[in-house]
Amino acid sequence: MLEQLREQVCKANKRLVTENLVTLTWGNVSGISEDRKDIVIKPSGVPYDELTPEQMVIVSIDGQVIDSPLRPSSDTPTHLEIYRHFPNANGIAHTHSRYATIFAQARRSIRCTGTTHADHFRGDIPVTRALTPHEVESGYEHETGRLIVETFRENQLDPHCLPAILLAGHAPFVWGPCPDRAMDNSVALEAIAEMALHLELLAPNAPGLEAHILAKHQSRKHGPDAYYGQTNTP
Ligand SMILES: O=C(CO)[C@@H](O)[C@H](O)COP(=O)(O)O
């Protein structure tokens, strides 16, 4: 079973390049086993074109590396914290995609002003506060994950309907029901971030998407389960 997850995670990491969401090795994707006891994540620093499923690193949910000669991504503690607290997250993608990273480093949330945004994310994409000096000292990656969970809890946000967050001064973390859908959501996030930045120039006072339209779009299925079996009857 973990071999199949290794294949999925390796394939999703390679999508970071084909979807143009990374520079160098500035990104990593992981997936979690069905029993949520282990995750599979990209090895740290390995170029994407060299990645093989066998190189994907297995890490237990309590952070122990299981049987791998390679170091797991430096962001592993952040991935683990999200898996521990967001039960709907079965795949996580961390990128430094240009436009989403611009918003993260500007400490700006991405307002929900359009239907394609709503199709993937119910509401504005939140941005965290910066980590405190104490948090950085006590464990940067661990505290980053805790900060993500804290931001959702304090703002009463639902990680199931809003599978993305911008880390202040850093970049986005995005998740989904599997690694490939986490990548779909990362692609969507980058597209809406690019549109949002241009909208700021064209219409800085553009209204947010109306709540009744937002709800309609959030209720629609999309992704493979939308195209096979169920029909979106008008
Ligand atoms: O966010 C960062 C660095 O700021 C990391 O995501 C690196 O860009 C990739 O680290 P590895 O996954 O190779 O350890």
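Position labels on residues start from 1 in each chain and follow its written sequence. In view of the model being predicted, local features appear only for residues whose pLDDT reaches at least 70, and side-chain atom pairs are presented and counted only at 80 or more, with totals across whole chains, interfaces and linings using the full set of residues. Remark: hydrogens and water are excluded; side-chain values derive from all non-hydrogen atoms of the structure.

Looking up the chain in an unreviewed UniProt entry gives the name L-ribulose-5-phosphate 4-epimerase, with the organism given as Mucisphaera calidilacus. UniProt positions are given in the numbering used here, feature names are shortened, and annotations may be inferred rather than shown by experiment. Of the comments in the UniProt record for the chain, the one headed Sequence similarities (unreviewed entry) reads "Belongs to the aldolase class II family. AraD/FucA subfamily." The chain has a UniProt comment under Catalytic activity (unreviewed entry) that states "L-ribulose 5-phosphate = D-xylulose 5-phosphate".

**Student:** Describe the pairing of strand 2 (residues 38-41), naming the residues involved and giving the relevant values.
**Tutor:** Between buried and exposed lies partly exposed: a residue is buried under 20% and exposed over 50% of the maximum accessible area for its type, with that area taken using a 1.4 Å probe on protein chains only. Per the convention used, a helix needs a DSSP run of H or I reaching at least four residues, while a strand needs a run of E reaching at least two, with both numbered from the N terminus. Both faces of strand 2 are covered, namely the face carrying Asp38 and Val40 and the face carrying Ile39 and Ile41. One ladder, built from three bridges, connects strand 1 (residues 28-32) with strand 2; its direction is antiparallel. By the bridge assignment for strand 2, Ser30 is matched with Ile41. The rule for pairing is simple: two strands pair if DSSP sees at least two bridges between them.

**Student:** Any chance you could break down the site of the ligand for me, citing the residues and the numbers?
**Tutor:** Whether a residue is near a molecule or strand depends on its heavy atoms: it is near if one of them lies within 4 Å of it. Taken together, Thr25, Trp26, Asn28, Ser44, Gly45, Ser73, Ser74, Asp75, His94, His96 and His170 make up the full set of residues near the ligand. Whenever two N or O atoms come within 3.5 Å, that pair is a polar contact, provided that in protein one can donate a hydrogen and the other can accept it, and provided that, for residues adjacent in sequence, both atoms are side-chain atoms. Side-chain polar atom of Asn28 to an oxygen atom of the ligand: 3.0 Å apart, as the coordinates give it. Contact between the ligand and Asp75: an oxygen atom at 2.5 Å from a side-chain N or O atom of the residue. For every accessible area listed, the method is Shrake-Rupley and the probe measures 1.4 Å; residues are considered covered only by the protein chains on display. Look at the ligand: alone it shows 370 Å² of surface, and the protein chains cover 77% of it. Within the shell around the ligand, the residues separate by chemical class into one nonpolar, nine polar and one charged. Here the nonpolar group is Ala, Val, Leu, Ile, Met, Phe, Trp, Tyr, Cys and Pro; Asp, Glu, Lys and Arg are the charged ones; every other residue, Gly included, is treated as polar.

**Student:** Outline the sheet that holds strand 2, supporting the account with residue identities and numerical values.
**Tutor:** For sheets, the rule is that strands pair by backbone hydrogen bonds, running either parallel or antiparallel. Spatial ordering of the open sheet is given by 4-3-2-1-5-7-6, a layout of seven strands whose pairing is antiparallel. At either end of the open sheet lies a strand with only one pairing partner, and these are strand 4 (65-66) and strand 6 (164-166). Along the sheet, helix 1 (residues 2-18) contacts strand 1, strand 2 and strand 3 (57-60); its crossing angle with strand 1, the most-contacted strand, is approximately 155°. The contact criterion used throughout is that any non-hydrogen atoms of two residues lie within 4.5 Å. Note on method: axes are straight lines fitted to C-alpha atoms, helices fitted across the in-contact stretch only, with angles between N-to-C directions ranging 0 to 180 degrees.

**Student:** Give me the lowdown on the pattern of salt bridges, citing residues and values where you can.
**Tutor:** We define a salt bridge as a contact between a side-chain nitrogen of Lys or Arg and a carboxyl oxygen of Asp or Glu at a distance within 4 Å. For the structure on display, the rule yields ten salt bridges. Of the charged contacts in the structure, one is a salt bridge between Arg129 and Glu135, with a shortest N-O distance of 2.8 Å. You can call Arg129 partly exposed: its relative accessible area is 33%. Judged by relative accessible area, Glu135 falls into the buried class, the value being 12%. Of the charged contacts in the structure, one is a salt bridge between Arg129 and Glu150, with a shortest N-O distance of 3.1 Å. Pair noted here: Arg129 is in the loop between helix 4 (115-120) and helix 5 (133-154) and Glu150 is in helix 5, with a separation of 21 residues, a long-range link. Overlapping salt bridges bring together Arg15, Glu19, Asp180, Arg181 and Asp184 as one network.

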